[in-house]
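The primary structure of each chain is shown beneath.
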Amino acid sequence: MSRAVTISILTYKRHQHLRRALASTLQYADQVEGIIVVDNAAEPELKALLAAEFPAVRYIPAESNAGCEGRNIGLRAAATPIVITIDDDVELSSPNCIAEVENAFSRDLRLACLNFTVTGVDGNVLERDWCHPRPISHAAREFETHFILEGASALSREKVLSVGGYPAEFFLGHEGVDLGYRLIGAGYRVVHTPRVTTTHHAAIEHRPDLRVYYYYTRNGIWVSYRSFPPMTATMQVLAYLPRMGFFSLRAMQLPAYFRGCIDGVRGLRRMDRSNLDDDSLRHLREIRSERVPLFGRIQRHLRERIL
């Protein structure tokens, strides 16, 4: 049994998907310290289900559905230096998953997050989940990124908690980007690996469309304000909001978009700022140097209906 790794699954009212995710983790049960389920719905029914079907799993009910704060709950509850975190509609699908994760962190002492490769049920890399600053054709390579896949990654518990963990005030949307920037600012590394794969079933239960357009708009303003110098943050927001406005118009979610704009600006006074220093900004530019040009990104969004 490894004393280095815990698996944490965040769930919200998706029992059948959670069953599948848990089944995928059981193949590693004798290789990890433990498996945690954080329940953002705090359902007595789920607690009973796990006790009957997965008695070795540790169940933690969240006090309320606080979105990404549930990931912090799993991190704080783990007693191991590495925490694999997946969503309840994700399966771990690499036979050597634990060994690969341990080896990656032992090789690179600055590694804070190891992002897994996310595939669909057909085994192909999911373009809708590809948010790294590289073409999707680079999926078979290992490279440094600034993006954290919240539901398919392995985290250094100490490093992530040392920079404050996921931003609970975001609830959902851009929380991985915000965390990635803070880790890079602290001198740590965020890496994509092809050595560990997951299967994403992209469940849509209990996921109303409007929330995506509201939270992504609001949090896009916040993450720029929190992470970048004023002029850079302003330019990023001015480039970001028209794109979100287009996606919202296409989805007939303009009211959610406008609420996100208003609440994003209103919420700035509550935001803590941890602007990247000059060295971190240079490093971030290097990470982004192979980013797909804007036209290619627009084509991808149109083709995949991302957002």
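A brief report on the enclosed structure follows. Values in this document were obtained by computation on a predicted structure and should not be read as measured data.

**Overview of the packing of helix α7 (residues 209–227) against helix α9 (residues 254–266)**
Close contact between α7 and α9 brings their axes to 8 Å; oriented N to C, the two are set at 30 degrees. The angle between the axes of α7 and α9 places the two elements in the roughly parallel class. α7 and α9 meet at a crossing whose hand is right-handed. Residue-level inspection shows L210, Y213, Y214, T217, R218, I221 and W222 of α7 in contact with α9, the latter providing A256, Y257, R259, G260, C261, D263, G264 and V265. Looking at the contact of α7 with α9 residue by residue, the class counts come to 9 nonpolar, 3 polar and 3 charged.

**Here we look at unusual backbone geometry**
A positive phi angle, close to 55 degrees, is found at K13, a residue other than glycine. As for its position among the elements, K13 is in the loop between β1 (5–11) and α1 (15–26). Judged by relative accessible area, which is 34%, K13 ranks as partly exposed. Although it is not a glycine, F171 adopts a positive phi angle of roughly 65 degrees.

**Considering the nonpolar core**
Counting residues in hydrophobic clusters, the biggest one holds 65 residues, and the most contacted among them are L22, L50, I84, V101, L114 and F116. What L50 contacts, discounting residues up to four positions off in sequence, is L18, L22, V37, P55 and Y59. Listed in part, the 18 residues of the second largest apolar core include C113, V163, Y166 and L183.

**Some remarks on the packing of helix α6 (residues 175–185) against helix α10 (residues 278–287)**
Taken N-terminus to C-terminus, the directions of α6 and α10 make an angle of 125 degrees; their axes are 9 Å apart at the nearest point. As the angle between them shows, α6 and α10 are arranged oblique. α10 is crossed by α6, and the crossing has right-handed handedness. Of the residues in α10, those in contact with Y181, I184 and G185 of α6 are S280, H283, L284 and I287. Taken together, the residues of the contact of α6 with α10 sort by class into 4 nonpolar, 3 polar and no charged.

**Details of a nonpolar patch on the surface**
The grouping of M231, M235 and L238 at the surface amounts to a nonpolar patch, some 360 Å² of accessible area in total. Among the structural elements, M231 can be located in helix α8 (residues 230–250). Look at M231 and you get exposed, because its relative accessible area is 60%.

Parameters and conventions
- Residues numbered from 1 in each chain as written.
- Predicted model: local features only at pLDDT ≥ 70, side-chain atom pairs only at ≥ 80, totals over all residues.
- Heavy atoms only, no water.
- Axes fitted to C-alpha atoms, helices over the stretch in contact; angles between N-to-C directions.
- Helix = DSSP H or I, 4+ residues; strand = E, 2+ residues; numbered from the N terminus.
- Parallel < 35°, antiparallel > 145°, perpendicular 65-115°, else oblique.
- Left-handed = near helix turned anticlockwise from the far one by under 90°.
- Contact = heavy atoms within 4.5 Å.
- Nonpolar A, V, L, I, M, F, W, Y, C, P; charged D, E, K, R; others polar.
- Buried < 20%, exposed > 50% of the residue type's maximum accessible area, 1.4 Å probe, protein only.
- Core = buried A, V, L, I, M, F, W, Y, C linked by side-chain atoms within 4.5 Å.
- Patch = residues over 30% accessible without salt bridge, like charges linked within 9 Å, V, L, I, M, F, W, Y side chains within 5 Å.
- Areas by Shrake-Rupley, 256 points an atom, 1.4 Å probe, with all protein chains shown as cover.
- Salt bridge = Lys/Arg side-chain N within 4 Å of Asp/Glu carboxyl O.

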